[in-house]
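Summary of the model geometry
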Amino acid sequence: AQSVTQLGSHVSVSEGALVLLRCNYSSSVPPYLFWYVQYPNQGLQLLLKYTTGATLVKGINGFEAEFKKSETSFHLTKPSAHMSDAAEYFCAVSIIQGAQKLVFGQGTRLTINP
Amino acid sequence: KAGVTQTPRYLIKTRGQQVTLSCSPISGHRSVSWYQQTPGQGLQFLFEYFSETQRNKGNFPGRFSGRQFSNSRSEMNVSTLELGDSALYLCASSYTPGQGFTDTQYFGPGTRLTVL
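Here the structure is a predicted model, which means the values were calculated and not measured.

1. Topic: the pattern of salt bridges
Residue and element names in this part refer to chain B. Under the counting rule described, the total for this entry stands at eight salt bridges over all chains. Residues R63 and D85 are paired through a salt bridge, measuring 2.8 Å at the closest nitrogen-oxygen approach. On the criterion of sequence distance, the pair formed by R63 in the loop between β6 (53-57) and β7 (64-68) and D85 in the loop between β8 (74-78) and β9 (87-94) is long-range, its members being 22 residues apart. Across the pair, D85 and R63 agree in class, each one buried. Two residues, R73 and E75, come together in a salt bridge whose shortest N-O distance is 3.4 Å. Since its relative accessible area comes to 25%, R73 is described here as partly exposed.

2. Describing the interface of chain B and chain A
The partner chain A presents 21 residues to the 26 residues of chain B that form the contact. Summed over both partners, the interface of chain B with chain A comes to about 1,900 Å²; 49% of that surface belongs to carbon and sulfur atoms. At the surface where chain B touches chain A, the tally comes to zero salt bridges. For the pair chain B and chain A, the interface holds five residue pairs in polar contact (both at pLDDT 80 or more). Secondary structure elements with two or more residues in the side of chain B that touches chain A: β4 (31-38), β5 (42-50), β6 and β9 of chain B.

3. Here we look at the sheet that holds strand β1 (residues 3-7) of chain A
Residue and element names in this part refer to chain A. Within the open sheet, the five strands sit side by side as β1-β3-β8-β7-β6. Their pairing is antiparallel. Of all strands in the sheet, those with a lone pairing partner are β1 and β6 (56-58), marking the two edges. Between one strand axis and the next, the sheet turns by 20° as a mean value, whatever way the strands run. Strand direction decides the pairing type here: β6 and strand β7 (residues 64-68), joined by three bridges, are antiparallel. Looking at β7, one finds that K58 is bridged to E64.

Calculation notes
Residues numbered from 1 in each chain as written. Chains lettered and ligands numbered in written order. Predicted model: local features only at pLDDT ≥ 70, side-chain atom pairs only at ≥ 80, totals over all residues. Heavy atoms only, no water. Salt bridge = Lys/Arg side-chain N within 4 Å of Asp/Glu carboxyl O. Helix = DSSP H or I, 4+ residues; strand = E, 2+ residues; numbered from the N terminus. Buried < 20%, exposed > 50% of the residue type's maximum accessible area, 1.4 Å probe, protein only. Contact = heavy atoms within 4.5 Å. Buried area = accessible area lost by both parts, 1.4 Å probe. Polar contact = N/O pair within 3.5 Å; in protein donor to acceptor, adjacent residues only side chain to side chain. Pairing = 2+ DSSP bridges. Axes fitted to C-alpha atoms, helices over the stretch in contact; angles between N-to-C directions.

Okay, here's the thing in structure tokens:
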């Protein structure tokens, strides 16, 4: 069965520092990969997605992620953290072709220290 | 375009009751998926509807059901509520031009259900 593992349920960085949120997936077929962000009392907002083509994907708010097939990873990065980045981040995979079904990781809560 | 809307935003019920949640997708989107979010289990897929038909189903008991109307609006129903059903229920819509195409899902703000 497909699965998604996010390493670190909590990550804390200083404002201006690099943000790195880790995501690994298991899949026997090429996956579609997504990162979503959730602010308190809100739904999920799409940050970026990988379907096919270029393995480095740029998203909103300065985030980007790189698909590495050999490492089955899709880590999310941002060069310089802002206070407004504090939220919970979810990595998700869609594997079944044509199915609007996402399998999510457990989430990583990002805290930004002033 | 307006985003995905869900009503009500908050709901309090007691054990044994039933509840119906509503979701209006983005205009033009034909697929609606439902997810349950809890602190313990995280985000879990409930089911997906496309053109008024359930196309995929997650691993939830039969107490959880849903339907989709001809205008793509969807409802989910939970019967005989249990304490463990307390959760944030999220609806997501996607355009999905046809079979065999995986599209981006856009989420609503969710309905917070509390079962007492």
